[in-house]
Amino acid sequence: MALNIVLFEPEIPNNTGNIGRLALASGSKLHLVKPFGFEISDSRLKRAGLDYWQHLDVIIYESIEAFFSTNKDAKFAFFSSHGEQPHWNIEFENNLFLVFGKESAGLPKSVIENHKNQLYKIPLYSEHIRSLNLANAVGIVVYEGLRQLK
């Protein structure tokens, strides 16, 4: 059983490190799409991923176009606060690509517009916040996926 965690243009090394640790713990692959807001050798990335980073199955893409070209036959679920469907409506399956945007702006508008039927959100029950921390959001979705696949 494997899920694919995709981060488009991640900006915060601590989030990416924590998501890397989550990917390893959940048996998922991590896909990172450039440009990054940090260097992959950043000590904050390594510290958040501790000594697990070397064991991680990570694939790096030079651009969003390269990511989509490489994975053109894949099945996707995209995550945005603009999504209409809750994340638990996803039909999780092995090798599903779970795609998250960068911390400051989320997914590019073109991705949201081109994938509306595959766009999901994590419901928020307070009007005082607009989104969750990226690492928390990824954790919520990945473990919901594992729960459904078990």
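Scroll up a little and you will see the structure.
Residues numbered from 1 in each chain as written. Predicted model: local features only at pLDDT ≥ 70, side-chain atom pairs only at ≥ 80, totals over all residues. Heavy atoms only, no water.

1. A look at the overall build of the protein
Then step 1. Looking only at helices and strands, one finds five helices and seven strands in the protein.
Then step 2. Listed by position from the N terminus, the elements making up the protein come as β-α-β-α-β-α-β-β-β-α-β-α.
Then step 3. Taking 150 residues into account, the globule formula puts the C-alpha radius of gyration at 15 Å, and the protein, at 14 Å, falls close to it.
Then step 4. Expressed as lengths along the three principal axes of its C-alpha atoms, the size of the protein is roughly 35 × 35 × 30 Å.
Then step 5. Within the protein, the fraction of its 150 residues that count as buried is 45%.
Then step 6. Between the averaged position of the 15 positive side-chain charges in the protein and that of its 16 negative side-chain charges there is a distance of 3 Å. (Helix = DSSP H or I, 4+ residues; strand = E, 2+ residues; numbered from the N terminus. Rg over C-alpha atoms; globule rule 2.2 N^0.38 Å. Buried < 20%, exposed > 50% of the residue type's maximum accessible area, 1.4 Å probe, protein only. Lys, Arg positive; Asp, Glu negative; His and termini not counted. Charge placed at Lys NZ, Arg CZ, Asp CG, Glu CD.)

2. Describing the sheet that holds strand β5 (residues 85–86)
Then step 1. An order of β3-β2-β1-β6-β4-β7-β5 is seen for the seven strands of this open sheet, with the pairing classed as parallel. Where the open sheet ends on each side, the last strands, each with one partner, are β3 (58–61) and β5.
Then step 2. The sheet contacts of helix α5 (residues 134–149) involve β1 (4–8), β4 (76–79) and β6 (97–100), and relative to β6 the element is tilted by about 160°. (Pairing = 2+ DSSP bridges. Contact = heavy atoms within 4.5 Å. Axes fitted to C-alpha atoms, helices over the stretch in contact; angles between N-to-C directions.)

3. Some remarks on the side chain of H115
Then step 1. Relative to the elements of secondary structure, H115 occurs in the loop between α4 (109–114) and β7 (119–121).
Then step 2. Residue H115 is classed as buried on the basis of its relative accessible area, which comes to 16%.

4. A closer look at the packing of aromatic side chains
Then step 1. With the rule as written, the count across this model stands at 12 aromatic pairs.
Then step 2. With a centroid separation of 5.3 Å and an interplanar angle of 65°, the aromatic rings of F67 and F68 are classed as edge-to-face.
Then step 3. Through successive ring pairs, a cluster of aromatic residues spans F8, Y61, F67, F68, F76, F78 and F97. (Phe/Tyr/Trp six-rings, centres within 6.5 Å; stacked < 30°, edge-to-face > 60°.)

5. Brief notes about the pattern of salt bridges
For side chains of opposite charge, pairing can occur when their charged atoms come near one another.
Then step 1. For the structure on display, the rule yields four salt bridges.
Then step 2. E93 is paired through a salt bridge with K75; the nearest N and O atoms lie 3.6 Å apart. Taken together, the residues span a long stretch of sequence, with E93 in the loop between β5 and β6 and K75 in the loop between α3 (64–70) and β4 at a distance of 18 residues.
Then step 3. As a salt-bridge pair, E144 and R147 come within 2.8 Å of each other at their nearest N and O atoms. Taken as a pair, E144 and R147 lie in helix α5 at a separation of three residues, close to a single helical turn.
Then step 4. Since its relative accessible area comes to 13%, E144 is described here as buried.
Then step 5. In this structure R147 comes out as exposed when scored by relative accessible area, which is 56%. (Salt bridge = Lys/Arg side-chain N within 4 Å of Asp/Glu carboxyl O.)

6. Considerations on helix α1 (residues 13–26)
Counting along an α-helix, one turn takes 3.6 residues, and residues three or four places apart therefore face a common direction.
Then step 1. Given a rise of 1.5 Å per residue, 14 residues ought to cover 20 Å, and the 20 Å separating the end C-alpha atoms of α1 matches this to within 8%.
Then step 2. Among the residues of α1, those classed as buried are P13, N15, T16, G17, I19, G20, L22, A23 and S26.
Then step 3. Phi for G27, located one or two positions after α1, is positive at around 75°. (Expected span 1.5 Å × (residues − 1).)

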